[in-house]
Amino acid sequence: MPERFLGIDTSNYRTSAAVFDAENGAWHNEGSLLTVPEGAIGLRQSDALFQHTVHLHEKIEALPQGEVRAIGVSTRPRAVEGSYMPCFLAGQSVARSAAHLLSVPLFTVSHQQGHIAAAALSAGRLGLLDEPFLAWHLSGGTSELLYVTPGADGLPDCTCIGGTTDLAAGQLIDRAGALLGLPFPSGAALDALAMDAEPEKGYRPKVADCRFSLSGMQNQVENRHKTAKPAQMARFTLETVANAVVKATEQALKQYDCPVLCAGGVMASRVLRARMQQAFEGRVWFAEPVLSGDNAVGVAVLAARLYERNKT
């Protein structure tokens, strides 16, 4: 029987299903963004849950057919007490039913743990999951710097040691995108626009103990919008985020001498990746853009690891 594993992730903005082959590391992901009304910068959970329910079967049906050893599913945003979003119920319901009918094990993980596993796989550094490392999870709703160690349950144990104290990096980027009339989520479009701009220093938020505030940066971005060309405003926004992320990473590395893994959709930004690579060459690792955003591949990878662990 092939060493194939099914992963399902129904996050706040993307429906995805994936298969991962533990023998050769091959993976196949099927996912699509949820539909957000034009001009809006988010979705109600009830709308997200409905869209997942309608489209998840399409993602699973598009995967290569074949037997699977186990199924993994994300059931909450983060592996901490009280972390909950109704949108994950869509994936959890399908995964539980499928595991029962197929008589295969079901493993539940957090969305954040899936992001980290996908980034490690994409970077060719799955071995990081067996040692301590730092990880950035930068997305539409999360901007956390994590200290990650192998958990007693076989999953990445993530302790937040830094990041934003208020507005997430992705929220700032999406609000900048809304000012420019870009589609939501705006990360990819804003990054493409920024690449046409002249070099830009951006604003330097105050960073203390690896933590920073981005809420005041929205005013800076809005003021920039009044005077700068769209490309320059886009570059200003991303460089401002990069300034905070680089400084927080520098502070963290003084306490933790270990590799840095970058995950989450915001980390697909070429501007941000270039800044991190320049500052921490040889110490920082990235997911490819296709596995930076929400996906089910990391969930399937963790299902494979848990399956192997539970065999012994």
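These figures come from a predicted structure and were not determined experimentally.

## Regarding the sheet that holds strand 10 (residues 211–212)
Read across the sheet, seven strands follow the order 9-10-8-7-6-11-12 without closing on themselves; strand pairing throughout is mixed. Either end of the sheet is taken by a strand with one partner, and the two such strands are strand 9 (207–208) and strand 12 (284–286). Here strand 9 runs beside strand 10; their pairing, made up of two bridges, is antiparallel. Paired with Val-207 across the bridge in strand 10 is Phe-212. Each of strand 6 (133–138), strand 7 (143–150), strand 8 (156–164), strand 11 (260–263) and strand 12 is contacted by helix 3 (residues 111–122), which is oriented at about 115° to strand 11, the strand it contacts most.

## Regarding the layout of surface pockets
Of the voids in this model, the largest pocket is the one considered here, and its volume is about 1,100 Å³. Taken together, 41 residues form the lining of the largest pocket, with Tyr-13, Ser-139, Gly-140, Pro-185 and Gly-265 sitting closest to its centre. At the level of secondary structure, the elements contributing two or more residues to the lining of the largest pocket comprise strand 3 (27–33), helix 3, strand 7, helix 4 (169–179) and helix 5 (187–194). The element best represented in the lining of the largest pocket is helix 4, accounting for five residues. Considered class by class, the residues forming the lining of the largest pocket number 15 nonpolar, 19 polar and seven charged. Listed by contribution, the elements that provide at least two residues to the lining of the second largest pocket are strand 1 (4–10), helix 1 (45–61) and helix 2 (88–102). Per-element accounting of the lining of the second largest pocket gives the leading share, three residues, to helix 2. Here the lining of the second largest pocket is composed, by residue class, of 11 nonpolar, two polar and three charged.

## Side note on the nonpolar core
Leu-134, Trp-136, Leu-138, Val-245, Leu-272 and Met-276 are the most contacted members of the largest nonpolar core, which has 41 residues in total. The set of elements that each furnish at least two residues to this core consists of strand 6, helix 4, helix 5, helix 6 (217–227), helix 7 (230–253), strand 11, helix 8 (270–279) and strand 12. With 12 residues, helix 7 is the largest single contributor of residues to this core. In this structure, Leu-134 is in contact with Leu-145, Leu-146, Tyr-147, Ile-161, Ala-252, Leu-253, Tyr-256, Cys-258, Pro-259, Val-260 and Leu-261, ignoring residues within four places of it in sequence. Ala-120, Phe-133, Val-297 and Val-299 belong to the second largest nonpolar core, which has 34 residues in total.

## Here's the deal with the packing of helix 6 against helix 7
At their nearest, the axes of helix 6 and helix 7 sit 9 Å apart, and the two run at 160° to each other. By the angle class used here, helix 6 and helix 7 are roughly antiparallel. Every pair of crossing elements has a handedness; the one defined by helix 6 and helix 7 is right-handed. The segment helix 6 lies against helix 7, with Met-217, Gln-220, Val-221, Arg-224 and His-225 engaging Gln-232, Met-233, Phe-236, Thr-237 and Thr-240.

## With respect to helix 2
Here helix 2 spans 21 Å end to end across 15 residues, near enough to the 21 Å set by a 1.5 Å rise per residue. Turning to helix 2, its buried residues number three or more, namely Phe-88, Ala-90, Gly-91, Gln-92, Ala-95 and Ala-99. Looking at the buried residues of helix 2, the elements they touch are strand 1, helix 1, strand 4 (70–76), strand 5 (106–110) and helix 3. Trailing helix 2 by a residue or two, Ser-103 shows a phi angle of about 55°, which is positive.

## Considerations on the packing of aromatic side chains
Within this structure, the stated rule accounts for four aromatic pairs. Aromatic pair Tyr-13 and Phe-184: ring centres 5.1 Å apart, planes at 75°, arrangement edge-to-face. Pair noted here: Tyr-13 is in the loop between strand 1 and strand 2 (14–21) and Phe-184 is in the loop between helix 4 and helix 5, with a separation of 171 residues, a long-range link. Positioned above the aromatic ring of Trp-285 is the side chain of Arg-125, whose terminal nitrogen or guanidinium carbon lies 4.3 Å from the ring centre.

## Description of unusual backbone geometry
For the peptide bond that leads from Phe-184 to Pro-185, omega is -10°, which places it in the cis range. Looking at the secondary structure, you find Pro-185 in the loop between helix 4 and helix 5. The backbone of Asp-209 shows a phi angle near 55°, a positive value even though the residue is not glycine. Inspection of the secondary structure puts Asp-209 in the loop between strand 9 and strand 10. Of the residues examined, Asp-209 reaches a relative accessible area of 64% and is grouped as exposed.

## A look at the side chain of Ser-143
Within the element layout of this structure, Ser-143 appears in strand 7. Accessibility expressed as a relative area gives 3% for Ser-143, which makes it buried. At 2.7 Å, the side chain of Ser-143 and the backbone nitrogen of Ala-169 are in polar contact. Contacts of Ser-143, omitting those with residues within four sequence positions, involve His-137, Leu-138, Gly-162, Gly-163, Thr-164, Ala-168, Ala-169 and Gly-170.

## Comments concerning the pairing of strand 8
Bridging between strand 7 and strand 8 involves seven bridges; their strand directions are antiparallel. Opposite Val-148, over in strand 8, you have Cys-158 as the bridge partner. Taken together, strand 7 and the strand that follows it, strand 8, pair antiparallel across an intervening segment of five residues, in which Gly-154 is found at a positive phi of about 90°. Two elements, strand 8 and strand 10, share two bridges in a ladder whose sense is parallel. Within the sheet, the bridge partner assigned to Thr-164 lies in strand 10 and is Phe-212.

Criteria and cut-off values
- Residues numbered from 1 in each chain as written.
- Predicted model: local features only at pLDDT ≥ 70, side-chain atom pairs only at ≥ 80, totals over all residues.
- Heavy atoms only, no water.
- Pairing = 2+ DSSP bridges.
- Helix = DSSP H or I, 4+ residues; strand = E, 2+ residues; numbered from the N terminus.
- Contact = heavy atoms within 4.5 Å.
- Axes fitted to C-alpha atoms, helices over the stretch in contact; angles between N-to-C directions.
- 1 Å grid on protein atoms, 1.4 Å probe; cavity = no way out; pocket = protein on both sides within 12 Å on 5 of 7 lines; lining within 4 Å.
- Points joined across faces, edges and corners; volume = space filled by probe spheres on them.
- Nonpolar A, V, L, I, M, F, W, Y, C, P; charged D, E, K, R; others polar.
- Core = buried A, V, L, I, M, F, W, Y, C linked by side-chain atoms within 4.5 Å.
- Buried < 20%, exposed > 50% of the residue type's maximum accessible area, 1.4 Å probe, protein only.
- Parallel < 35°, antiparallel > 145°, perpendicular 65-115°, else oblique.
- Left-handed = near helix turned anticlockwise from the far one by under 90°.
- Expected span 1.5 Å × (residues − 1).
- Phe/Tyr/Trp six-rings, centres within 6.5 Å; stacked < 30°, edge-to-face > 60°.
- Lys NZ or Arg CZ within 6 Å of the ring centre and 35° of its normal.
- Polar contact = N/O pair within 3.5 Å; in protein donor to acceptor, adjacent residues only side chain to side chain.

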